[in-house]
Amino acid sequence: MSHSDLSIAGQANVMERSSPFAMPTKKLAMWLFIVADAATFAACLLVYGFLRNGSLNWPTPFKFFPTVVNAMLMTFVLITSSFVMFLAVRAAKMGDRDGAFRWIMLAAAMGAIFALLHLREWMGLINEGVTLLKNPWGNQLFGAAFFTITGLHLTHVTVGVVVLIIIAMRHKSGKADAEDVEITGLYWHFVDLVWMFVVPLVYLLNVQK
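Residues numbered from 1 in each chain as written. Predicted model: local features only at pLDDT ≥ 70, side-chain atom pairs only at ≥ 80, totals over all residues. Heavy atoms only, no water.

Some points on the pattern of salt bridges
Here's step 1: As enumerated under the stated definition, the model contains three salt bridges in all.
Here's step 2: Put simply, Glu182 and Lys27 hold a salt bridge, and the shortest N to O gap is 3.1 Å. Linking Glu182 in helix 6 (residues 178-203) with Lys27 in helix 2 (residues 25-53), this pair joins segments that are 155 residues apart in sequence.
Here's step 3: The class of Glu182 is partly exposed, set by a relative accessible area of 21%. (Salt bridge = Lys/Arg side-chain N within 4 Å of Asp/Glu carboxyl O. Helix = DSSP H or I, 4+ residues; strand = E, 2+ residues; numbered from the N terminus. Buried < 20%, exposed > 50% of the residue type's maximum accessible area, 1.4 Å probe, protein only.)

Here we look at the side chain of His118
Here's step 1: If you trace the backbone, His118 turns up in helix 4 (residues 97-127).
Here's step 2: Filtering out sequence-adjacent residues up to four positions away, His118 remains in contact with Met74, Thr150, Leu154, Trp195 and Tyr203. (Contact = heavy atoms within 4.5 Å.)

Notes on helix 2
Here's step 1: End to end, helix 2 covers 42 Å across 29 residues, agreeing with the expected 42 Å (1.5 Å per residue, within 8%).
Here's step 2: Among the residues of helix 2, those classed as buried are Lys27, Leu28, Met30, Ile34, Asp37, Phe41, Leu45, Tyr48 and Arg52. (Expected span 1.5 Å × (residues − 1).)

Description of the packing of helix 4 against helix 6
Here's step 1: Contact geometry for helix 4 and helix 6: axes closest at 13 Å, N-to-C directions at 25°. As summarised for this structure, helix 4 and helix 6 are arranged roughly parallel, according to the angle between their axes. With respect to the hand of their crossing, helix 4 and helix 6 are arranged in left-handed fashion. Here Ile104, Ala107, Gly111, Phe114, His118 and Glu121 of helix 4 lie close against helix 6, whose contacting residues are Val181, Trp188, Trp195 and Tyr203.
Here's step 2: Classifying every residue of the contact of helix 4 with helix 6 by side-chain character gives seven nonpolar, two polar and one charged. (Axes fitted to C-alpha atoms, helices over the stretch in contact; angles between N-to-C directions. Parallel < 35°, antiparallel > 145°, perpendicular 65-115°, else oblique. Left-handed = near helix turned anticlockwise from the far one by under 90°. Nonpolar A, V, L, I, M, F, W, Y, C, P; charged D, E, K, R; others polar.)

As for the nonpolar core
Here's step 1: Membership of the largest hydrophobic core comes to 52 residues, with the highest contact counts inside it found for Met85, Ile104, Phe146, Trp195, Val202 and Tyr203.
Here's step 2: Those elements that provide at least two residues to this core are helix 2, helix 3 (64-93), helix 4, helix 5 (141-172) and helix 6.
Here's step 3: In terms of residue count, the dominant contributor to this core is helix 6 (13 residues).
Here's step 4: Beyond its immediate sequence surroundings of up to four residues, Ile104 is in contact with Met85, Ala88, Leu164, Ile167, Ala168 and Val181. (Core = buried A, V, L, I, M, F, W, Y, C linked by side-chain atoms within 4.5 Å.)

Some details on the environment of Val163
Here's step 1: You can see Val163 is positioned in helix 5.
Here's step 2: Assessed through its relative accessible area of 33%, Val163 is described here as partly exposed.
Here's step 3: For Val163 and Tyr187, which are 24 residues apart along the polypeptide, the C-alpha to C-alpha distance reads 9.9 Å.

So, in structure tokens, the structure goes:
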């Protein structure tokens, strides 16, 4: 390959990775997605708060055990997975592909554990008669609000687990670089951060007094 060909290839690579905001294009796209997604979650939580405060018979069915304990366990798993993802990004930036692979897969496994704990909780509520249209405790919108917010978050976690596994395999094989791992980490940290708002608003405020 001639020197001119190398120059053209290098310029094309720079154009692909650059953006007018002094930030790599892929990272900028992820930040824009996070901002838009944050607005979606904020809107859902705002509507939930409006429904809860405007209802005279909004139910508070959750007990410390098992609901709050399960929520605390899910929180611990998710926060720990965020730290594990930080280690994965650091390993990727240091060029340790095997180490990054192990950390990413561990984060994905913890995300899967979170999802299973969540599904177990859902099954318990469904067995008690909670659906999108009714519940045995009070305002019928409780089930719709609870399943919509937690379901939206659970969908993000599930998608994140799949993406983590794909990125882990692609990075280990050399098809993805450290930037791809970092961008995936941004998404995972965002999912964890959203959960920090869901727990107090959806769980702790609905604990039996």
